[in-house]
Amino acid sequence: MANSPVAEVADAIARGEAAEQSRSPEGFAAAALALERLGARAEADGPDLATRWRAAALAAGATLPPPFRGRALGPAYSRGAIDPRGVFVTEQVFLAGQPAEVAIVPQAERQLRIVVTDQDDNILCERVAAAPRAMCRWLPLFTRRVTIRVHNPRTYAVNYYLVTN
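Residues numbered from 1 in each chain as written. Predicted model: local features only at pLDDT ≥ 70, side-chain atom pairs only at ≥ 80, totals over all residues. Heavy atoms only, no water.

## Some thoughts on the sheet that holds strand S6 (residues 123–129)
- If you walk across this open sheet you meet the four strands as S3-S8-S5-S6, and the pairing is antiparallel. The strands lining the two open edges of the sheet, one partner per strand, are strand S3 (87–94) and S6. For this sheet, the mean angle separating the axes of adjacent strands, direction not counted, is 15 degrees.
- Bridge count between S3 and strand S8 (residues 144–151): eight bridges; the pairing is antiparallel. Bridge pairing in S8 links Thr90 to Ile148. (Pairing = 2+ DSSP bridges. Helix = DSSP H or I, 4+ residues; strand = E, 2+ residues; numbered from the N terminus. Axes fitted to C-alpha atoms, helices over the stretch in contact; angles between N-to-C directions.)

In structure tokens, the structure reads:
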């Protein structure tokens, strides 16, 4: 079974994060090209990872094709940091009958817990997220708002990316 766009974006972000650790031009190029191909973009004022990693690859001497602008709609990602033993909470609306996906990409080997609940506090998905990513998938029966909680059980802050469709 092929990966979904959300899984592919999460994998590309994990590759880019690994490239930042190793300073790998090939890793930067692969991550940038994948994000561009998928049309993934940062939410609000988040970092434009495709542009940043493309620039890093080019600065290291990699040869890349011009950027592909991708689809108008597609997965979005946001970067965050959670304080020690903290919780990040956000809400998202997913459409009835359309597959819903959320991925969490924790920094390096850090672990986070993601919990997605509906408006009645029923758990739709709960996962422990370790690098490179963890995925939540479900099929909403109704167009409804869900709550996404990311828990940091550690005694230190953890950075992460949240990817949604």
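## Thoughts on the confidence of the model for the protein
- Confidence in the prediction of the protein, expressed as mean pLDDT, is 85, and 92% of residues score 70 or more.
- Within the protein, no element has a lower average pLDDT than strand S1 (residues 41–42), which sits at 81, and none a higher one than strand S5 (residues 112–117), at 94.
- Predicted confidence for residues 68–73 stays below pLDDT 50, and this span has eleven contacts to residues more than four positions away or in other chains. (pLDDT = per-residue confidence, 0-100. Contact = heavy atoms within 4.5 Å.)

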